[in-house]
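Each chain, written out:
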Amino acid sequence: MATDVPCDICGCINAVEIPAARIYTGGHPIHVCTGCGLVHCRDRRSSEEIAALWSREIYGAPDGDEKGRGELSAGAMQRYSALTPFVRARHVFVAEMIDQLIGLNGKRVVDVGAGQGEFLRLLRTEYGAQVFGVEPSEVNCGRMQQLGIDNFCGTAEAFAASAASLYEVATIVWTLENCQSCAAVIDATYRSLDDGGHIVVATGSRILVPFKKPLQYFFSNTLPQDTHPFYFSNNTLTGALARAGFEVVHRNRFIDSDYLVLIARKTDRSRPIAWERDDPGAVLDFFDRWHRETQAYYRSM
Ligand SMILES: [Zn+2]
């Protein structure tokens, strides 16, 4: 039982370690909040340090070795960049969902953690949105500039200090799980939105839904665990939004999708928004079954 670190969503200070997680994380503990079931890494550096590490390790200047650090060439395709086929597919899925449910044409959209700007370019060219990026990597911001996409180079928390009620839609696409404080980033986004504006959060949801991949690809040991401190479920992501004053109005059919996408409306925070907690015991059991299945069938993949 780890104590003293309040849960980012429900504030509970008690959490239970997932026994098998250390096998997949290089020995680093991952915990489940006993109050709401949030799966998270409790030991984290500052938001600036984590943002800098992402900028350096993931989005450094292209160096031509085709290992995916900033490269947008075909050689990086099987690694990770904005042009990797599965990343492009995610972007199209989220863009279509937003457009079909709340509309994008002419909307003022800010993307928090805009990466290489490809998602915003899609929203602008295919859907007619007016786009802006918030991104800590100078290399990425330079690339967005080349694409003609205005941007703020820094963390979401720093951006929020200068941007109030400027946007109708805010997107956080496969980024919220990588922030030092999901609450701080959602609060920053809240301030940047018009009254009644919408936040869109997309992530990979693999908790309390059928397993889609071996556990070693869920808990990765290729980067420090505090670069990916949160593992959301439908309930805990709904709770993270509710805590900040966002009421979920649309969610995708995540049970058989690789994605979890929630669209939530900004309220005036005048009343608490109800949300359902995950049972911590059920979450621990889920990971125990996932671990046993991974060991039995997929360990060598
Ligand atoms: Zn909690």
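Look up a bit, the structure's there.
Residues numbered from 1 in each chain as written. Predicted model: local features only at pLDDT ≥ 70, side-chain atom pairs only at ≥ 80, totals over all residues. Heavy atoms only, no water.

(A) A look at the packing of helix α3 (residues 85-101) against helix α4 (residues 118-127). α4 packs onto α3 with a crossing angle of 45° between their chain directions and a minimal axis gap of 10 Å. Looking at the two axes, α3 sits oblique to α4. You can see that α3 and α4 cross each other, and the crossing is right-handed. On α4, the residues touching His91, Val92, Val94, Ala95, Glu96, Ile98 and Asp99 of α3 are Glu118, Phe119, Leu122, Leu123 and Tyr127. For the contact of α3 with α4, the per-class residue count stands at eight nonpolar, one polar and three charged. (Axes fitted to C-alpha atoms, helices over the stretch in contact; angles between N-to-C directions. Helix = DSSP H or I, 4+ residues; strand = E, 2+ residues; numbered from the N terminus. Parallel < 35°, antiparallel > 145°, perpendicular 65-115°, else oblique. Left-handed = near helix turned anticlockwise from the far one by under 90°. Contact = heavy atoms within 4.5 Å. Nonpolar A, V, L, I, M, F, W, Y, C, P; charged D, E, K, R; others polar.)

(B) Broad picture of the pairing of strand β11 (residues 260-266). Judged by how many residues are buried, β11 sits mostly within the fold: six of seven residues are covered. Note that strand β8 (residues 193-203) and β11 share six bridges and pair antiparallel. Along β11, the bridge assignment pairs isoleucine 199 with alanine 264. Pairing between strand β10 (residues 246-251) and β11: five bridges, direction antiparallel. (Buried < 20%, exposed > 50% of the residue type's maximum accessible area, 1.4 Å probe, protein only. Pairing = 2+ DSSP bridges.)

(C) Representation of the coordination of the zinc ion in the model. Looking at the zinc ion, the protein donor atoms are Cys7 (SG), Cys10 (SG), Cys33 (SG) and Cys36 (SG), and they sit 2.3 Å from it. Bound by four donor atoms, the zinc ion shows angles of 97 to 115° at the metal and therefore tetrahedral coordination geometry. Each donor residue of the zinc ion lies on the same chain, and together they follow the pattern C-x2-C-x22-C-x2-C. Of this pair, cysteine 10 sits in the segment before β1 (15-17) while cysteine 33 sits in strand β2 (residues 31-33), and the two are 23 residues apart along the sequence. On the basis of relative accessible area, cysteine 33 is assigned to the buried category, the value being 0%. (Donors = N, O, S within 2.8 Å, 3.2 Å for Na, K, Ca; no water. Tetrahedral: all angles 85-135°; square planar, octahedral: opposite > 155°, others 65-115°.)

(D) Quick peek at unusual backbone geometry. In the Ramachandran plot, leucine 208 falls in the positive-phi region, its phi being about 65° despite a non-glycine side chain. On the secondary structure map, leucine 208 appears in the loop between β8 and β9 (230-231). The residue arginine 269 is not glycine, and still its phi comes out positive at about 65°. Looking at the element boundaries, arginine 269 is found in the loop between β11 and α9 (280-298).

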